[in-house]
Amino acid sequence: MKRSAAAVALALCLSLPTRPVLAACTLGKMAELPVTMTGLRPMVPAKINGVDALFIADSGAFYSMISPASAAEHALKLAAGPYRLTTKAVGGDVTVSLTTVKIFTLADAAIPNVQFLVGGGEPGSGAVGLIGQNVLGLADVEYDLADGTIRLIRPHDCGRHALAYWASTKPYSVMDFGDARTGSRMTVGEAFVDGVKIRALFDTGASTSVLSLRAAARAGIRPGGAGVVDAGVTGGLGRRAMATWIAPFASFKIGEEEIRNTRLRIGALDLGDGTDMLIGADFFLSHRVYVANSQHKIYFTYNGGPVFNLTAAARVQAGGDAAPKAAAPLDEGRAEPTDAESFSRRGAAFAARRDFASAIADFTRAGDLAPTEAKYFRERAWRGGPTTNRPWPWPTSTRRWRSCRTMSPRAWPEPNCGSPTTTRLRRSPTWTPRRAMPPRKRTSGSASPISTPISTASRR
C-alpha cells in the first residue's frame, strides 16, 4: 500500500506555478480535482483502465475503495486483504479484499498499479467507490466544494505560517488535528457542544453532519427530550441503517467559530475509535477548508448560508429555523469561472446548498458558453429546484430506453424514461391501470374456452 501511495504522489506532482503566501513561503499545486456535487456527495471523475468512472471524495476513508459490483464490472481481479482487515462505517463493519488497477487516471495523470480496497455496498449516485486519505492525505489539501474544486498542495518553506492564503482581509479559524507522532492522515480535531469537548472527524463522504448519541447525552440531550424531533434514518457502506433526530443545542464551537442556539443532527454513531461527531459535506459546502497535513492544522473560513443540513427537521417541524436558507455570496478570494464546466460545477454546489436562483444562473451561463452540450441544459432543469419547468429528457442509453418501453407507465423513473414523441404515454394524475377481465369459464369437455361443442341433435 505504501508503494501505491508513493506512485500516486509522483504522478500528481505537476510542474505548476506556485502561490506565494509570505516572502519565503510558497504553495505548489500538485493537482486540482474537479468536483461536481450530486446532492451532498462530492463526485470526482477518474478512469479505471481507460474507462470513465465517478468516485466520492471521502476525507473520512483511510484508504480508497471500490464496491464489489464495480470491481466485477471493470474485470478487476481480487486478492485477499491483510488478515482480519475490516473497515468501520456508519452502517457497520465491512470485510474487504484488495485489487490493483493497472492504470488509474486522476486529474489527467495516468498512475500505474494503484491498489484499492474492495468491499461494502454501492456508494450510490452513480459512484463506483471512494477516494480516501491514501490520495487526499499525500500533501496539504484544500476543500473548496462551493467552487467545485479540491486541490492538493505542497507547501515550501512555510514552517508554522498561516496557510489560509485566500483570507487576506477576512477572519479565519484555525485548529489542531490528529497527532503528529502517530503519522495518521485522518482529520480529527476537537469541537465543543454546549461546552462539552467532543472528538470530530472531518468527513466529506458523510452527506450530513451527525453527533453521536453518546456525546449528545454528555451534553444533556437525549431522544424524546424537549425539542428533539425524529429525522429519519441514514446509512453508509455497511448494511445497517442509523436512526437520527434533530435536537436543539445552546452552542456549537469549532476552532474560533461558534454558533449559538442551533440544532444538530444526532444518531447512534459508533465508529469504534472514539469519534463523537462527523463533520460532513454540508459543513464543507458552507466553508472553505485547508487541511495542512504538513502542520497538522486546519484553516477554514465561512462562506455563508446554513452550516448544517437539517432538511428533515424542516419537514417535521414546519415554520422552524431548520429549513436551509439561501446561501450568501461566496467569498471574494475566488476567481470567477471562465468555462462552461466550471460554471456547471459551481451551479451544482449552489443547488446542494439549496440556493436555486444562483444554481440556475450558473447552469444558464454554462449553456450559453457551450450551447451544443445538452448536459448543461439537463442540469439546469433537474437541479434548478422545484420551481423550474422540467423537460422530459431523452434516456441516456439505448439499453435504458428499451427497458423503459417494457415498463408500465406507473413504473417509469421520470428522469430516464420517455421522450418528446412519447409524452402522451406519461402517467397523468388520473391514470389508473386497466382492470383485468375475469377469466371466461370453460365449458366442460371443450377444447377451447370460446367454442361450444356441437351436439348430435343440433346437427340434425
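Just so it is clear, the structure is predicted and the values come from calculations on it, not from any experiment. (Residues numbered from 1 in each chain as written. Predicted model: local features only at pLDDT ≥ 70, side-chain atom pairs only at ≥ 80, totals over all residues. Heavy atoms only, no water.)

## Things to note about the overall build of the protein chain
So, point 1. Within the protein chain, the regular secondary structure consists of eleven helices and 24 strands.
So, point 2. Put simply, the protein chain has 460 residues, and 47% of those count as buried.
So, point 3. Taking all contacts inside the protein chain whose residues are at least 6 apart in sequence as the whole, residues at least 24 apart take part in 62%.
So, point 4. Carbon and sulfur atoms form 52% of the exposed surface of the protein chain, whose accessible area is close to 23,600 Å². (Helix = DSSP H or I, 4+ residues; strand = E, 2+ residues; numbered from the N terminus. Buried < 20%, exposed > 50% of the residue type's maximum accessible area, 1.4 Å probe, protein only. Contact = heavy atoms within 4.5 Å. Areas by Shrake-Rupley, 256 points an atom, 1.4 Å probe, with all protein chains shown as cover.)

## Here we look at the packing of aromatic side chains
So, point 1. Summed over all chains, the structure comprises 14 aromatic pairs.
So, point 2. A ring pair is formed by Phe55 and Phe116, whose centres lie 5.8 Å apart and whose planes are at 25°; its orientation type is stacked. On the criterion of sequence distance, the pair formed by Phe55 in strand β5 (residues 51-57) and Phe116 in strand β11 (residues 109-118) is long-range, its members being 61 residues apart.
So, point 3. When its relative accessible area of 0% is taken as the criterion, Phe55 is described as buried.
So, point 4. On the accessibility criterion, Phe116 (1% relative accessible area) is buried.
So, point 5. Ring centres of Tyr165 and Trp166 lie 5.3 Å apart, and the angle between their planes is 90°; this geometry places the pair in the edge-to-face category. Both residues of the pair, Tyr165 and Trp166, belong to the buried class.
So, point 6. Through a chain of ring-to-ring contacts, the aromatic side chains of Tyr143, Phe202, Phe252, Phe283, Phe284, Phe300 and Phe308 assemble into a single cluster. (Phe/Tyr/Trp six-rings, centres within 6.5 Å; stacked < 30°, edge-to-face > 60°.)

## With respect to the nonpolar core
So, point 1. Of all hydrophobic cores here, the largest spans 74 residues; its most connected members are Phe55, Leu211, Phe249 and Phe252.
So, point 2. Setting aside its immediate chain neighbours within four residues, Phe249 contacts Val193, Asp194, Leu211, Ala216, Ala219, Ile221, Asn261, Thr262, Leu264 and Ile266.
So, point 3. Counting residues in each nonpolar core, the second largest holds twelve residues, with Leu163, Tyr165, Trp166 and Ala292 among its members. (Core = buried A, V, L, I, M, F, W, Y, C linked by side-chain atoms within 4.5 Å.)

## Considerations on the pairing of strand β20 (residues 241-254)
So, point 1. Looking at chain direction, strand β16 (residues 188-193) and β20 are connected through three bridges and run antiparallel. In the sheet register, Val193 faces β20, and the bridge partner there is Phe252.
So, point 2. Pairing of β20 with strand β21 (residues 257-267) involves ten bridges; the strand directions are antiparallel. From the neighbouring strand, Trp245 faces β21, where its bridge partner is Ile266. (Pairing = 2+ DSSP bridges.)

## Describing the state of the cysteines
So, point 1. Enumeration according to the criterion identifies one disulfide in this entry.
So, point 2. Shown here is the disulfide that connects Cys25 with Cys158, its sulfur atoms set 1.9 Å apart. The sign of the 85° torsion about the S-S bond sets the Cys25-Cys158 disulfide as right-handed. Taken together, the residues Cys25 in the loop between β1 (18-20) and β2 (26-34) and Cys158 in the loop between β14 (149-156) and β15 (173-176) connect sequence positions 133 residues apart. (Disulfide = S-S within 2.5 Å.)

## Quick look at the pattern of salt bridges
So, point 1. Overall, the coordinates contain 14 salt bridges when judged by the stated rule.
So, point 2. Two residues, Glu32 and Lys29, come together in a salt bridge whose shortest N-O distance is 3.0 Å.
So, point 3. Taking the relative accessible area as the measure of exposure, Glu32 reaches 35% and is therefore partly exposed.
So, point 4. Residue Lys29 is classed as partly exposed on the basis of its relative accessible area of 28%.
So, point 5. Close ionic contact of Asp144 with Arg288 constitutes a salt bridge, the shortest N to O distance being 3.7 Å. (Salt bridge = Lys/Arg side-chain N within 4 Å of Asp/Glu carboxyl O.)

## Details of the side chain of Asp203
So, point 1. Counting through the fold element by element, Asp203 comes out in the loop between β17 (196-202) and β18 (210-212).
So, point 2. Nearest to the buried, unbridged Asp203 among oppositely charged side chains is Arg41, at 9.8 Å.
So, point 3. From its side chain, Asp203 meets the backbone nitrogen of Gly205 in a polar contact 3.0 Å long.
So, point 4. Not counting residues up to four positions away in its chain, the partners in contact with Asp203 are Asp58, Ser59, Gly60, Leu278, Ile279, Gly280, Ala281 and Phe284. (Lys, Arg positive; Asp, Glu negative; His and termini not counted. Polar contact = N/O pair within 3.5 Å; in protein donor to acceptor, adjacent residues only side chain to side chain.)

## A look at helix α7 (residues 340-352)
So, point 1. If you check α7, its first and last C-alpha atoms are 18 Å apart, about what 13 residues at 1.5 Å a residue would give, namely 18 Å.
So, point 2. Buried within α7 we find Ala340, Ser342, Phe343, Ser344, Arg345, Arg346, Gly347, Ala348, Ala349, Phe350, Ala351 and Ala352.
So, point 3. Sitting at the amino-terminal end of α7 is Asp339, which places a side-chain oxygen 3.2 Å from the backbone nitrogen of Glu341.
So, point 4. Immediately beyond the C-terminal end of α7, within one or two residues, lies Arg354, with a positive phi of roughly 65°. (Expected span 1.5 Å × (residues − 1).)

## Regarding the packing of α7 against helix α8 (residues 356-369)
Helix-helix packing is described using two parameters, namely the angle between the two axes and the distance between the axes.
So, point 1. Look at α7 against α8: their axes get within 8 Å of each other, and the N-to-C directions meet at 165°. Classified by the interaxial angle, the pair formed by α7 and α8 is roughly antiparallel. Two packed elements cross with a definite hand, and for α7 against α8 that hand is left-handed. Taken together, the residues of α8 that come into contact with α7 (itself represented by Ala340, Phe343, Ser344, Arg346, Gly347, Ala348, Phe350 and Ala351) are Phe356, Ser358, Ala359, Asp362, Phe363, Arg365, Ala366 and Leu369.
So, point 2. Of the residues that constitute the contact of α7 with α8, the class distribution is ten nonpolar, three polar and three charged. (Axes fitted to C-alpha atoms, helices over the stretch in contact; angles between N-to-C directions. Parallel < 35°, antiparallel > 145°, perpendicular 65-115°, else oblique. Left-handed = near helix turned anticlockwise from the far one by under 90°. Nonpolar A, V, L, I, M, F, W, Y, C, P; charged D, E, K, R; others polar.)

## Concerning the environment of Asp147
So, point 1. Tracing the backbone through its elements, the reader meets Asp147 in the loop between β13 (140-144) and β14.
So, point 2. On the basis of relative accessible area, Asp147 is assigned to the buried category, the value being 12%.
So, point 3. Separated by 113 residues in sequence, Asp147 and Pro34 place their C-alpha atoms 9.3 Å apart.

## With respect to unusual backbone geometry
So, point 1. You will see that Asp194, though not glycine, has its phi angle at about 50°, which is positive.
So, point 2. Secondary-structure assignment places Asp194 in the loop between β16 and β17.

## Quick notes on the pairing of β11
So, point 1. In this sheet, β11 lies alongside strand β6 (residues 65-66) in parallel orientation, the contact comprising two bridges. If you follow Met65 over to β11, its bridge partner there is Leu117.
So, point 2. Where strand β10 (residues 97-106) lies against β11, nine bridges are found, and the strand directions are antiparallel. Residue pairing for β11: Val101 is matched across the bridge by Val114.
So, point 3. Hairpin connection of β10 to β11: two residues between the antiparallel strands, including Ala107 at a positive phi of 55°.

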